[in-house]
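Topology and contacts: notes
The lines below spell out each chain.
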Amino acid sequence: MHLAAITRNFKRHMNGWLAVSMLGAAGILLPILYVLLSLFTKPNDNWEQVKQYLLLDYIQGTLMVAGMTAVLAAILGVGLAWLVTAYRFPFRGFFRWALILPLAMPPYIAAYTYKTMTSYTGIIQATLRNHLGITVPPGMIEVMSMRGAVFILTLCLFPYVFLITRTFLERQSSAYIDNARLLGRKGIGLFFQVVVPIARPAIIAGVMLVIFEAISDYGVVSYFGVQTVSTAIFQIWFGMYDVDSALRLAAWLMIIVIGIFLIERWLRRNRQFHSLTQQAKPLVPRSLSRWKAVFACTVCSLVLLLSFIVPVAQIAVWSVWTSHKVWDSNFVELTLNTMKGALLATLIIIIFATVAARVCRYASNSFSYGMSRVMTAGYATPGAVIAVGVLAVFISLDNSLSSFYGWMGQGEGALILSLSLGMLITGYVIRFMATGYNAMEAGYEKLSKSYTEAARTLGRGHFAAFFKIELPLIRGALFSGFVLAFVEIIKELPLTLLLRPFNFNTLATRAYTYAIDERIYEAALPSLLLIMLSLVSVLTIHLIGKRDTQ
Amino acid sequence: MNDVIMKDLTYRYSAKEAPVIDDYSLTIKQGEVVGIVGASGSGKSTLLRLIAGLEMPEQGSITIDNRVVVDSHTFIHAEDRGVGLVFQDYALFPHLTVAQNIVFGLNQLKRAERRERLVEMLDLVQLGGYAKRYPHELSGGQQQRVALARALAPKPSILLMDEPFSNLDADLKAGIRQELQDILHKAQITCLLVSHDQQDIEAICSRAVNMNTPVMV
């Protein structure tokens, strides 16, 4: 190709939109690559120790927690999804959406609530002892263990599997299932031989979300004293101030995540999601006999009670007890602090997500695919990994700006960037870009390309086409992307703990530190506030789903 | 001579596929209404997109009003080509009224001139009373006329129409063909329109061209 042609092609594709989205992609990739590249540097003595005595245990811990949670969440999620789509029983319509409510419960809050409720003086043992005269042998209901962590994570995360599988079954399974029934399959046989295999892509997608959340979890496992790679990163960072080894550990965690990705690909080989465009009629639920209906209703109630209603009720009670103590001007400041950080990060996310989604909409397939993979990479990357990567990048930025700081009169070797709120915001943006991007991508996919093309052939550039035509038409996506990302950020614990500036607290970190200090009742009010904010986002997810079905 | 000249155009969707447009040349004289027929998939719509600047040819050049808009070292963006395009689905902006749709491309004009041009366009397509309506409140034929008015408003050098009748009921077609012919005649515009229906082309165009063998009929 001639030079002239190359410049022509460059000019044709290059514009501010592409530049901004490339910048966003680079910003996301940089810390992740930084973490991975640390594997190729020379390790220090500390690392030799960690590697020899601890690394295997950490990895085992992470795999056990993630693996067991995944299996249990899959069983619970798929089973309940099948129950509410295929059968008619009392309150089915209510459970259909109520079973996604546990998504509003941050797992670390469920963890300390359950720990306190099941303790010797907690409501469960106290009631048994005082009213029924039953003394529970010590250790019988002990949640402070791997078992407990898996229990909590399963209850909080199974709705991912439930939601995705239910949506799939409701919208596109009826033809297969009706046919299987005509051919004489029913009950358990129908479930295992037809329902599970056809819903496999949806189930795997849900389980993957559960696995990523479980691997990324810090609050639950650290509170219950379970050793995982995530908790180890914290210990090495805050206990030994050894960022190099923390980086290396983060790289190992990243390798686990990449390994899981490869397994997912292998599991889904040759299987595509079914196209949503085909006009499928919804699955018609069947009536259950009386006792079976009672059983179905009981199972759903039990799950909902354990995963949402009981802990929320308990937290509400504690909040009332302590509201006079916790609700003061500091608390208002804390809330404002939380909002400030989250709003700023969400704004940045939405801008980059919108620009990138727009570029992908009009770019070639392979470019769009690569770009959307990068934009969503943060979601699968555990919070601790992103935190270590961002920290390392900011420290090396500070180092290279050292002489500039000296010239500014700040003293050489000063840490300006890596002690600023900017570091935390960067972490948030990288981790939750996926949430914003997915919303904007969905918004743009529904927008006909010809609107933009019409605007351009009428002599208006990209800028006018975006602000005058596209923006008013993708408002809905913009709104849901904003809400979802904002709430995710407010709930986020590990990233905030690792990257916050000195003395900077959010509702999440305050609730967690109260809980760690055994001031459980004081933790209740910030927790309740977090749950209520999260409910807004769960409601948004629910409404989006509803609108898409119409 | 304000002609539109396409020379040796070649275009393919991806490097692996055979070209949909292969070494294609065509000249449209000023004021001519040319129709392109061809089976679906023969690259008719792509040709319009190449002229409008929404796609770039692999080879060849396009000259509009003595200005090269694309060749091996030039590419003028769609917004700077001065080409009007009526989309197959009309692509009327659903959140804007008929009037707002029509003046969308007139942002360079002064307010008074814009109003004047709007009235002129509404008259041309006989939609005087519909300025405040939204696209979804119009019939298919009315929507098409709004799309036409919107494309003509900025006075493009050439008007491109992609399958103008595909979205209309068959029994309305004859009437709308006649209307379109009148409008194009009144507007005195150079026009290239694409259809899979030979009859459409014969009814409206002064000349018909087959996509794959560009010979005059």
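Sequence order as written defines residue numbering, which begins from 1 separately in each chain. All chains are assigned letters beginning at A, and all ligands numbers beginning at 1, according to the order in which they are written. At least 70 in pLDDT is required for a residue's local features to be given in this predicted model, at least 80 for side-chain atom pairs to be given and counted, and no such filter applies to totals for whole chains, interfaces and linings, which use all residues. To get the side-chain values, take all heavy atoms of the structure and skip hydrogens and water.

1. Observations regarding the sheet that holds strand β5 (residues 67–71) of chain B
Residues and elements named next belong to chain B. The pairing criterion for strands is at least two bridges between them, as found by DSSP. A helix here means a DSSP run of H or I that spans at least four residues, while a strand means a run of E at least two residues long, and both kinds are numbered starting from the N terminus. Strand order in the open sheet formed by 5 strands is β2-β1-β4-β5-β6, with antiparallel pairing between adjacent strands. Among the strands making up the open sheet, the edge pair consists of β2 (21–28) and β6 (74–75). In terms of strand pairing, strand β4 (residues 59–64) meets β5 through 3 bridges, oriented antiparallel. Looking at the pairing, Ile 62 lines up with Val 70 of β5. Contact between two residues is taken to exist if any of their heavy atoms lie within 4.5 Å; hydrogens are not considered. The axes are straight lines fitted to the C-alpha atoms, using for helices just the contacting stretch, and the angles between their N-to-C directions are given from 0 to 180°. Contacts from helix α1 (residues 44–52) reach β1 (4–11), β2 and β4 within the one sheet, and its direction differs from that of β1 by about 120 degrees.

2. Regarding the interface of chain A and chain B
Across the contact, 23 residues belong to chain A and 31 residues belong to chain B. In this description, buried area is defined as the sum, over both parts, of the accessible area (probe of 1.4 Å) that is lost when the two are combined. Interface area for chain A against chain B, summed over the two sides, is near 2400 Å², with a carbon-plus-sulfur share of 62%. The largest per-residue losses of area from chain A upon contact with chain B belong to A:Arg8, A:Arg12 and A:Leu458, which jointly make up 31% of the total buried on that side. When a carboxyl oxygen of Asp or Glu is within 4 Å of a side-chain nitrogen of Lys or Arg, the pair counts as a salt bridge. Linking chain A with chain B are 2 salt bridges. With its nearest N and O atoms 2.7 Å apart, the salt bridge here joins B:Arg49 to A:Glu453. Residues adjacent in sequence count toward polar contacts only when both atoms are side-chain atoms; beyond that, a polar contact is any pair of N or O atoms within 3.5 Å, and within protein one must be able to donate a hydrogen and the other to accept it. The interface formed by chain A and chain B holds 7 residue pairs in polar contact (both at pLDDT 80 or more) in total. Every element with two or more residues in the side of chain A that touches chain B is listed here: α1 (3–13), α21 (449–457) and α22 (462–473) of chain A. The biggest single contributor to the side of chain A that touches chain B is α21(A), with 7 residues.

3. Notes on the confidence of the model for chain B
Atom-level detail of predicted coordinates should not be read off regions where pLDDT is low. Residue and element names in this part refer to chain B. Values of pLDDT, ranging from 0 to 100, describe the predictor's confidence in every residue of the model. Chain-level statistics for chain B give a pLDDT mean of 89 and a share of 97% at 70 or above. Between the elements of chain B, mean pLDDT differs from a low of 84, seen in helix α5 (residues 170–187), to a high of 96, seen in helix α2 (residues 98–103). Across the interface, the model reports ipTM at 0.91; the global pTM reads 0.87.

4. Quick look at a nonpolar patch on the surface
Among the surface-exposed residues, A:Leu29, A:Leu33, A:Leu37 and A:Phe40 lie close enough to one another that they form a single nonpolar patch of about 430 Å² accessible area. Note on A:Leu37: relative accessible area 53%, which makes it exposed. Patch definition: residues with relative accessible area over 30% and no salt bridge; like charges joined within 9 Å; nonpolar side chains (Val, Leu, Ile, Met, Phe, Trp, Tyr) joined within 5 Å. To be clear on the numbers: accessible area is Shrake-Rupley with a 1.4 Å probe, and residue cover counts the displayed protein chains and nothing else. Classification of residues uses two cut-offs on accessible area relative to the type maximum, computed with a 1.4 Å probe and protein chains only: under 20% is buried, over 50% is exposed, and between them is partly exposed.

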